[in-house]
Each structure stands twice: as C-alpha cells, then as structure tokens.
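# Observations on chain architecture
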Amino acid sequence: MTADTDDVENLLRARLENPFLVLEVAPAAGGAEIERQGQRLLAELAAGLDGARRYPTPFGARARTAELVRAAIAELRDPARRLVHEWWAGGLEHAR
Amino acid sequence: MTTAGATIGFGARGSLARRGPFLGRAGTLAAFRLLAWTVVWGIVLRNIGGSVGVWTGGSLGAVLSLLIGVVIPAWFFVVFPGWLAFRIAAPHGMRRLAFAACWMSPLVRLRDLPGIAAFLDVAADRASTGWADLPADAWTALAAALQADRRRSLTHAAHIVDALAHLPDGARFPWLARRHGVEALVIAAVARRDWPAAARYARIGQGRLVGLLALVADAARGGVVPASALWLRWALSPMRRTMLPLVRVLARRDRIAAGGGATVTPASSLHARHIALLETAARNEEIRAEDVLALATAWQPALDDAALAGLHARALELGVRDGAARAQALRDQVLDELALLLARADGERARTPAPAFVESLVARTREHELAHIRASLAAFDGDRVAPSLHPLAAWERWLGLRAAWERAEQNAGRAALATLWRTGVRDRLWGYCCAVSHVHGARAAWASYVMFDWLADRAEVVGDLVAVLANRENARIALGHLR
Amino acid sequence: MGSNIHVGIDLGTSNSAIALFDGETASVVANAAGEPLTPSVVRIDARGGRTVGRRAQRALDGDPANTRGEWKRLMGTAERLPFESAGAALLPEELSAEVIKSLLADVRDAAGFTPRAAVISTPALFELPQNHATTRAGRLAGLEDVVLIQEPIASAISAGWRADQEGTWLVFDLGGGTLDVSLLETTDGRLRVLDHAGDNFLGGKDMDGALVEWAAAALARRGGDVVGDRASARGRRMLARLRVACEQAKIELSRASHAAISLSDSARDGGAFDLEITRDELDVLTAPFIARSLAAVRVLLAKNHRTPDEVARVVLVGGPTLMPGLRARIGELFGGHLAAGVDPMTIVARGAALYAGSVGLDATPAARAPAPAAGLAVRIEHPSVTADLEPFVVGRCLPALGQTLPDRVRVERDDGKWAGAETPLSPEGSFVVQVRLDRSRRNTFRVRAFDRAGADVKLAAGAFSIVHGVSIGDPPLARAIGVARADDSTQIYFAKGTPLPARRTFAHHTVRPIAAGSDDDALAVPIVQGESVRAHRNRLIGMLHLRGVAHDLPAGSRIEVTLELDRSGQLATRADVPGTGQTFADVAFVLVPTATVETAERELASTNRRAGDVQGRTFQLGVPAAVQAIADVSALLAEAERALPLARAGDLDAGQKLHRLLMDANGALDDAEALLEWPDLDAEARRCKMTYTPLVAQWGTPAEQQLYEQELEAAARARTRNDAVELELHLDAMRGLGRAAYCRDPRSMTDAIDWAAAHVTEAMNVAAATRLLDRARALQAHESLVDQAGGGLRTLRAIVAEIWELFPSSPELQAKSFDSGIR
C-alpha cells in the first residue's frame, strides 16, 4: 500500500505535467507552434518574468521550470508520446 | 519458532514458594506510590482544613496566602497531574516534571509509565533511550504513529491508527492516551494542513481539543459546520489562543489551502474525473469503490474498439509506427490506473454483472490485492523472531498484512481467501504470533492479544474451526497477562 | 551571439580534432604540423616532458613503454597506464587532458586566445562514469565549462544544420574503438534522435588487430616468429611496429588495390620484413567486423519499424568508413544514399562546435570580452540557432539607480529588411517580440528603446544574433538511469531519451531500521544505468550512503531521492528524510568496474553453462522468438573466449571488452528466459497436476480436496486463455494445498529430516541443527507416526520447522540488488 501511494502521486504528477498544459498550447497545435511557444517560455523564464513561472491546469496553477518546459518540448517531438499526451490533454480541454 | 497448532504458554504461574520475595519490584513501586499519595492527600486535606479554620478565625489574608502559595498548586498536582503533565510540562520540554506528574496521577497505571516516557520523547523529537526494553502498548503504538507521521510515512501511520480504532475488548487504550496522545497526532496533521489525516486520527481520540480539531478538519475539507458550533467548541477547548486564527477563518467560510494540494474543480470529462480521483487518492483522502466503478463504466465506450480505431488513425497521422499497439497500451494504462484506485477504495464492489471493462478492472484489482498479500507474507516467512525484534516492531510488521487482508476480504471473495489462508497465511502468521509471545512474554502481551484475536476472527470468516478455537485460547492467555 | 566564438572537440580513440564556429561557418583548426587531425597519442620522456600527437605517435613502435595511445575504451576506469622512464602512471582522463591541452594550444596559436569553454563529443553509448571522466579531462586541461554532445548528434548537426534536409537519417560512426549507429529524423527543421545502437568494443582497432594477427602468421610462415613472446619487451615492441605498419597499409588500401606491410630494419630487434596484402584479402579479414556493424544497423532499423529504403541519408563518420569494402556494403544496404561532401574525419568536431553555438557556449575568455558600453542595461533571451523563421525574443530592461525605464522598444534587423512594431514595456520592464529571420543565415538584430516623448534611450548591449538552421533538442540520455530496489527491481528516474539536463524525485521507503548516530554504512541507495528491469543486469554507477542519521528511522521510513543530471554528465544525488530535516548527499561514484580476470573467467564458465541450459530448453520447447533472442549469444561467448587470453596477458582493453560481452550475453539470455516463461509455466502446470492430485486425494482434508478441485478447474481455464498471471496464482494454491497434504504423510517428515542431515553443514548454527536432528531421530524411533492426530507427529513437525529456521534463505536476492536498503 505504501508503494501504491507513491505510484498514485507519480501518476498524478505525470497527468498534471502534461506537456500541452505546461506549454499552454492546444492539443491540435502543430510542431512549429509547439517549438515556438517552448522557446518563448524558456526565454521568459531565463529573463525572470513572473508570468512564466506558473501554468494553469483544471486543478489549479502549478509551478513551471525550464526543465519542465524542455522535457515538454522533447515529449511532443516524439509522435508516440505525443499521441498519449494529446489524448489526455484533449480530454482535459473539454473540462475547462 | 512454534508452529501452527500450538497454543502459547507464557509460563505457568508458579506457587508462591517458587516466586521469590513477597512483592517483587513492581509491587514495591506500587506500594511506594500508594504511600506517597496517602501522604500528599493527607497534607492537602489538612491544609484545606487549616485554611478553613483560619478563615473562620478571621484572618483572610493569611488564608489567601496559604491557598495561593501552597494549597492550590498542591491541589492541582494531585487532582490534575495529567493536565500538568501534558498541558504545561511536556509542551515546555520539562520531561522530568511531566513524568513525575504522570507518576502521581491516579489515572496512570505503573505499567504505562515507560510507554508514556517514550511517547513524551517522541513528541519532543528526542531520541528515546531504553526503547528496547519497552512493552508494546497503546502509548508506544501512538509514539510509533507520531514518528511515522513526522517521517511522512502516512500510510503506516494510518495503519496504526486503524488498528487502534479496532482494538478488541480488553486491549487497553487508556483514557489519557486517547486524550493527550491522540491530540499530539492530530496537531501534527493540522500543522501541515493535512485535513484528511487529521480527521482520521481524531476518530480514535477523546477530549475537547480533539473534538475541536475534528470539527476544524471537517470544515476545512468543505463539510458543513455551523460557525456557532465551531465557536462553542473553541470556547470550551484548551489552546484557544493557538486555535483562534484558524477557527476565525473557518467560521468565515474562507477556504484554506490544504498542504500541497490543489483545489478540485467540478470535473466534466472522463479524463478530468479520472485525474480528480487520482488527486483525492494522492492526498490520502478516502475514495469510494462505487465512484471508481462508475468511472470505469463511463470509460468503456471511450476505450472500446471503435474508439481505439480512431486513436490508431490519429497515430497514423502523427507518423507513429505501431499505432494499434500504442492505442491498446493506452487502454491498459487506464485500466492499470483504475485498478490502483480501486485497490485503495473503500466500500463494497457490487457483484452484479458489469460491462467487460469493469469486469477486467475488478479481476485485475483482485489479482493485485492477492499478490500484495503474498508479497506481505514474505516478511513472515522464515522469520527468526529474536529478542532484537521489538514486540512493537513485530506488531507493526503485522499491520501491513492486516490492512491488505481486510481489504481483500471485502472484495476478493471467500474462496480465494480461504485458499490463501490455508496455503500460507494460517501457518506462517499463527507461528509468527506464537513466536512473538514466546520470545517477549508479558512485554508483548498487548500486541499478542490483538494479533491472536484478529487471527481468530479471520479463521472464523474462512471457516477454520481449529484455528478459531486455538487462537481464541491464545488470545485469552495473552489477555490474562495484561490484567 | 555577437562576436562569440564556439569551440567543439572530437576526442577520438585514434585521432582528435578541434573546430571553431563563429556564427557563419565551422572550421577545423590545424595543429602545429598543419594537419587537421592530432593523433591521440601521449609520450612522457625520462625528464617528464610530454609530447602529444604525430611526434608521440612516431615513438609508439620505438618506445612503447613510454608512449600510450588508444585509451578511450578505458575512460572511467581506475586503470593507470604506466610510463616507465618517467616513473609515472596516468589515468585515462589525464591522458585525454594532455590531448585537449594540445588542441587548445593550437587554437591559441591560430585565434589568439585560449578557449575557456568547449563542447566535447562522446560516443552515444558511453555510460555515466565514462562521460564523467571526459568532463574531468576537459577541466584538467583548463576548461572552465564543459558540455558533452553525443558523436552521432554532432555528425548529424554538421551534415544537415542548414535545415534543408528533411526525413530519416542514419549516422554510421565507426571510429578507432567504438561503433555508434544512430537513427535521426528532421521534421520541419527540428532534429530529433530516434534511437541509438552500437558497440563500445568494435572499431578500426579491432580490424587492425585482425590484420596484425594475419600479418604475424604470414610472416611466421615465411621466416619464423617475428613477434616472439608477446609478453616480453621485444615482443611488445615488434607488435607495436607491426600494428603501425598494418594501419598504414589499411589506409593505403583505401586508395590502392594492394599495399605493403613493411617493418624497417631495427638494430635492437633485428630484421626487416615486407609483406604484401591486397584489398580483397583485407575485405576477407574485416568481413566479420563489417557484418557485425551492419547487424547493429539492421537491429536498430527493425526496432524502430524502419526499412533501409526509408532512410533518406546515411552519414559516414570515422576513419574506418573510408574503407571501400565497408562503403560498398553500406551502399548495398541503403541503395546508395550516402551523404556526399562530408569529411568523415572532422565532421564530429565541426558538429560539436555548431552545437556549442546552438547552446550559446562562448569560448572567449572574459578578458577578451568587450567592455560594457554605457547605457541602460538590458538582458535579451533568444535562441542561438532555430529552425523557426519567426521566433520570440524576450528582453528585460534593468535600470540602475537614477535611470528610468523606457516606454517602448522596437527591434530592427541589421540588414534593414525587417523591423518590428513598437512594443510597450511591461511594468517590470520586460518585452516579448516576435522577430523575422532570413533563411539559412545568421541574422543580427538591434533593440532600440524610446521614452514617452519618443527620444532614443541608449541601451548598453542591445544587439543580438540568431542563426536560422536546424533546431536541435537537448541531447538525449543514451541509457536509462535509476535506482536499485531491495527486490532487485529498478526504479527508472531518467528513461532512455530523456533530454538533459533533467531532475526527478521519487519517494521510497527503507527496508531496514537505522539507528541514530550510526557511523557505518547504515543504508545504501544504489544508482544504476541500463534498460533492464532487474537491477543486477544494469551497471552500478554510484552509491548514495545514508550515514550519521540524527534520529532513529524505523523500517518503512519514507525517504525522497532526487537525481539530477546535467549536460556535462555530472550526476548529483540527494536523499531527504521528511520530518527530520536531514539531507544526505554523500555519493561515491563507481568507476567502470575492472573485474579481475579470475572473476571474468568464472563468470564466462557459468554463462556458458547457463547458455547451454537455455538453448536446450529453447529447442526443446520450440519457441521461435526465444531462438532468435539467443542467436547472438554463441557469437558473444566466442568473442569472449577470444578476449580471455588477451586479458590474462594484461590487456586492459580486452578485460573491459570481456566484461561487456558477458553482460550482453547474460542480457540476451534473460530475454530468452522471459520468452520461455509461458511454455515453462504450462509444463509446470502439468507437472503440478500430476504430482499433487494423488497427494491431496489421499492426505487432504475434505475442505482441502474441495478447494483443490476448484483450483484445478481455474488453472485449466487460465491455460486455455494463456493467462500467465492467473495460472501462476492457481498453481501457487495447488502447490500449497499439495504441500499441506504432503506434510500429513508421515513419510514426509523422514524425507525432511534426511535432507537436513545431509546438508547440516550448510546450517547457520551447525551445533543447534545437530541437536535438533538428534531429537527428531529419537522421536522418530519411539513414536508411532501413523497416527496423524498423535501429539508425537505435531512435536516432530515443530522440530522440523525449527531446523528449517537454521538454514539461510535468499542470499542471492540480497547480492543481486547490490545490497539495496530501499524498496
């Protein structure tokens, strides 16, 4: 049971760190838009802009870091991983 | 290690001639304590009598001086030592005073004192010396729960609290422990804004402060609590100054951010409902089996062959090479996550015919639960119960298996459990409990009684009459040693 | 970027190179001899003087005791290479540092400054200890900042950074000591690594070795054993001379159809030798190595569901790829789609320099940086290299005391062909502007600021440059990194392909109690690298120790472990214990293990036995997938057998290779065993039924018999459905019921006692076991064991259970999990 609690926490984190949520792009966004938005967020974080430090989810705002943004860009470059993230993000989009 | 089929023997109570000196060390201490009470009570009564005499003689100032300077403190020391120990001495780190006050309290048995000392050490976050000699009892169990809570082993703390909530008749859970011991636990949870944990802990407690904290936890989790009830409880409870800001906020119905958790918005999509359940589970809140099964039923059309074909088509658009396998993997992923949630959920799983997806979910969860029990058994297999394994540690080890078994009892079906019982749990656990009793004797009596009683109940559920009778007898013997 | 210069270094097994990128072109810097390549050879003379490069290489055959080359495969090990005359012994990274120093000196001579930062390339399959050693080499050479890039990515960047080449690529990098095959994809100007494969022990060096053996044998047939005793000083010298001659002949055969292997007369060693070799003969000798390398390519393609036809371009990297035979074979496989106009010898260094540009790693020392101009300070964040023609640029004005924020800004391109609209500043002084780039070139921009009245506000550094080219993601991790748990499973922290830098935290729980103030290794958290779910099949790369805890931690205490990996291959590890406020960061990084030859020999023998067993079961059960999985095992073990005598003779490289081959062979056997699981289980189910059914029928209670029937039916259903998990569940139950019945058989006690008596020396307490056995025997002699209800049988059973207690259980699991203390 103890391991299960950790698993649930990790699963929840994976869902709420969905790359589409982190980058604040729609699930239908194209590759170029994703890259552009990712680079913009990295630049804003490097410049220390407050607005870049958090991103919204249907379950409240979460902290956004440069590592998270880079990982999100890399995840969405892989079509197989993008498929899964797109499916989850699409479902969450309907909840907003 | 004694095997199944044995009953424990704590050693026959020999004749007086074989027992040595008349009273023994415990008896001497008890006698000394009684003498001390007699002396102190005598002095107090004499002082009160003297004060009344002086007052009637007309010297009001002398009376007041006597009352304030001598009588009242002594009166508190004698009549409310528990209050002195846990409200004044312990919070200020005066361990010796707290211990002396407990020693003087007529509410505290001598045998509880070592456990109380250990609890006070843990509450003060101090290393406890002599832990190895301590018995397993409610106080040391609470100390272990407090320690687990502090170390963020919340599931373990929850197991201990649940076991304390379901103690069999005769297993002592002293009033002071329910009051002051549980208070410390609830306060630790409230301090980090973990309202589900606070509510869980408060269920086994008593007293005005615990009552107030339970109400606060309920209100903070969104429960409907009238402001008047909150204020009334606050007015009657100790630590009013500390609790005032919190009560004020709740009475105004402001939302308090739970420690580390996000607010949950009304979920309208399956995905959002799914994540909302994950979030509830991650915060250690209770989730209901019917909610998980309802979600699984709702998932079915979104993950049927037609839906997966659509996903496959999208995979092709994206250039994914093995789209069909990826789509299927997604379905399995959702099923696995639901199984994780269902394994944690409370409540019965309806046995009426269900959609295929739900049937798969229930079957998968059942497998996980049984596998979990089997994995827990490994800790008891070949266990060399040595004096170095503290009786409380032995009892804590049992808690995991207990939780897993009771959950499986609700859901896995009698036949599967009966098989498990006969093919491993019965012999191993029975032998383990006997070994703990044999090795530690009276120090493990409380823990042994609880474990044997539980074993007998489980044997009754699966219809193992031999085990029922033998373990009831074992429990009776252990209980005798407690008295 | 301004006038920044970016430096890339290719640290190769045989040759190294250094390149500069100034924002427009990447050019290789020639060394003092005017050559683009510097041989990776170091010589230390008796006075301690150090020589690097061609001059040192010339001393390889004449003075092998003081000259070292080809140590790249030893990076990350603790092996010190001796230099006899100087009385010194250097680690591999220290030798690499000498080479890097030489390259940096070449830059100083050419460009007038010594670089302070550089990107250094490493093979894609280098593991953490090896990457760590490479970074250390850079730091020892005086670099302040080191970033690592995988060689195939560097090659791909170099070959296609102009972003006009889309599709799937293959980079085939065959160097002196390693093979790296990488599959990449460029889509919309974005370069992505799909997968890696390769062999850390396959390279030109191995082909040279084969050629040397052939030459030595040919010379011996002609006129006696030229090399003689290889362990002797003369033998080593002759071998070194022969190796150099063979390498030269091999290079010659790239241009000509035949070449001579010549050893000049040496007064010390005596004799001159001449041997001719044709290109066809070389092709025959190198065929196994080429086949092995192409096999790696095919496996990589199949794993990623690609066919050779779908590969648009193949980039060849490394000196051995100049071999016509190899190029022909690769050309056959890919229908001739070889990238043209690419210099395989310097492509990696150029790519590393380009990558340095893309991450903005400026090599110019601070002293060279222009003095800051007067004006309002502004910080501008922008991509250095991007495929996006309209990227965002973010800036923030940082007014000093007495300065005010401007009202708005405008960004203009220096060529005058584009200017953005005026953008107001936010209250915190920031602005976000979308600029437009000119395709495939470096674009320089200037930020102009205006106050409310429209007057210019002078900015201190308002210029910046962006190069339009292929957009490169962060370098992905080649092998997964995680933590070993006590049950021999691996918790993956960074999966293969994770972009770096990366940081993850997971919660774990201790399996053992830890006493406060314990000084010894109270708890260990092993860090492993590899793809296997079983911890012992991954390589141990570090150990985090929890020592000196301030509070008692009972078993089951939660600890949060954080791993952080940066681009230079540095791994930081931390364990936090919630509630105590304690953090542990005491990590011992494990070097690549230098297993002793004796250990490797034993492991080779046991692996051979295991392979025989698995192969037997595979053919017996007839599982095609398992047959395929073990197809390579025989070849790997044969290679290991060949490496063993070299390792025994003191060849460190052969020792490393042997270790790696054994790991790979055991990994393949693990895969095969996993595939045999169902047939094995099915066979086990049949066996259980045959064994336990009569036992339960004779000795089981009515309740047990009924339960057994139910389990038998359920097992049959599970077999029909091929449900392994369900079948295992029911077989467990059948075994338990069968054993319970067996224990009622009085003869079972006799069997158990006999076994214990035969193995009494294995008991943890032999004296206690002997006493218990004596009691059991005495009871057997005096009690009737037919009466199941008799107290004697119960007592006997109790004694037997106590005897079992004295025999150890599962020491293997503890060893397999590297003695992990967490779950």
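Residues numbered from 1 in each chain as written. Chains lettered and ligands numbered in written order. Predicted model: local features only at pLDDT ≥ 70, side-chain atom pairs only at ≥ 80, totals over all residues.

### Some details on the overall build of chain A
Of the regular secondary structure elements, chain A holds five helices and two strands. Tracing chain A from N to C terminus, the helices and strands come up as α-α-α-β-β-α-α. Here the C-alpha radius of gyration of chain A, 14 Å, is about what a compact globule of 96 residues would show, namely 12 Å. The principal-axis extent of the C-alpha atoms belonging to chain A is close to 45 × 30 × 25 Å. (Helix = DSSP H or I, 4+ residues; strand = E, 2+ residues; numbered from the N terminus. Rg over C-alpha atoms; globule rule 2.2 N^0.38 Å.)

### Side note on the domain arrangement of chain C
All names here are of chain C. Domain assignment breaks chain C into domain 1 (6-203 + 288-358), domain 2 (204-287), domain 3 (372-469), domain 4 (481-594), domain 5 (597-675) and domain 6 (746-823). Distance from the C-alpha centre of domain 1 to the C-alpha centre of domain 2: 26 Å. Contacts between the two partners involve 22 residues from domain 1, matched on the other side by 15 residues from domain 2. Residue contributions to the side of domain 1 that touches domain 2 peak at four residues, all from helix α7 (residues 279-303). A class-by-class count of the residues in the side of domain 1 that touches domain 2 yields twelve nonpolar, eight polar and two charged. (Domains from an automatic or database assignment. Contact = placed C-beta atoms within 7 Å. Nonpolar A, V, L, I, M, F, W, Y, C, P; charged D, E, K, R; others polar.)

### Considerations on the sheet that holds strand β27 (residues 471-472) of chain C
Residues and elements named next belong to chain C. One open sheet holds the five strands; their spatial order is β17-β12-β13-β14-β27, and the pairing between them is mixed. The open sheet has two edge strands, β17 (311-317) and β27, and neither has a second partner. In this sheet, β17 lies alongside strand β12 (residues 167-174) in parallel orientation, the contact comprising six bridges. By the bridge assignment for β17, Thr-168 is matched with Val-311. (Pairing = 2+ DSSP bridges.)

### Some words on the pairing of strand β20 (residues 392-398) of chain C
All names here are of chain C. Among the seven residues in β20, six count as buried, and that is most of the element. As defined by bridge partners, strand β18 (residues 377-381) adjoins β20 across five bridges and the pair is classed as antiparallel. Bridge assignment links Val-378 to a residue of β20, and that residue is Cys-397. (Buried ≥ 20, exposed ≤ 12 C-beta atoms within 10 Å, placed from the backbone.)

### A look at the environment of C:Gln710
Residues and elements named next belong to chain C. Mapped onto the secondary structure, Gln-710 falls in helix α15 (residues 702-720). Residue classification places Gln-710 among the partly exposed residues on the basis of 16 C-beta atoms within 10 Å. Taking the C-alpha atoms as reference points, Gln-710 and Leu-546, separated by 164 residues in sequence, lie 49 Å from one another.

### A word on the nonpolar core
Counting 225 residues, the largest nonpolar core has B:Val292, C:Val7, C:Ile9, C:Ala19, C:Phe172, C:Ala352 and C:Ala353 as its most contacted members. Not counting residues up to four positions away in its chain, the partners in contact with C:Ile9 are C:Ser16, C:Ile18, C:Ile100, C:Leu103, C:Ala118, C:Ile120, C:Ser121, C:Ala349 and C:Ala352. The next biggest cluster of nonpolar side chains, apart from the first, holds 126 residues, and it includes B:Val122, B:Leu209, B:Ala416 and C:Ala741. (Core = buried A, V, L, I, M, F, W, Y, C linked by C-beta atoms within 7 Å.)

### Structural notes on helix α7 (residues 138-150) of chain B
All names here are of chain B. Relative to the 18 Å expected for 13 residues at 1.5 Å per residue, α7 spans 18 Å between its end C-alpha atoms, a close match to the ideal helical length. Most of α7 sits inside the fold, with 13 of its 13 residues counted as buried. Following α7 by one or two positions, Arg-152 adopts a phi angle in the positive range, close to 65°. (Expected span 1.5 Å × (residues − 1).)

### Describing the sheet that holds strand β7 (residues 67-69) of chain C
All names here are of chain C. The strand order across the open sheet formed by three strands is β6-β5-β7, and the pairing between neighbours is antiparallel. Two strands in the sheet have a free side with no partner beyond their single neighbour: β6 (50-52) and β7. Neighbouring strand axes in the sheet, compared pairwise and without regard to direction, differ in orientation by 20° on average. Two elements, strand β5 (residues 41-44) and β7, share three bridges in a ladder whose sense is antiparallel. Looking at β7, one finds that Val-41 is bridged to Gly-69. The strands touched by helix α1 (residues 54-62) are β5, β6 and β7; relative to β5, the strand with the most contacts, the crossing angle is about 75°. (Axes fitted to C-alpha atoms, helices over the stretch in contact; angles between N-to-C directions.)

### So, unusual backbone geometry
Residues and elements named next belong to chain B. Positive phi is not limited to glycine here, since Arg-193 has a value of about 65°. Relative to the assigned elements, Arg-193 resides in the loop between α9 (175-191) and α10 (195-202). The exposure class assigned to Arg-193 is partly exposed, which follows from the 17 C-beta atoms found within 10 Å. The backbone of Met-239 sits at a positive phi, close to 55°, despite the residue not being glycine.

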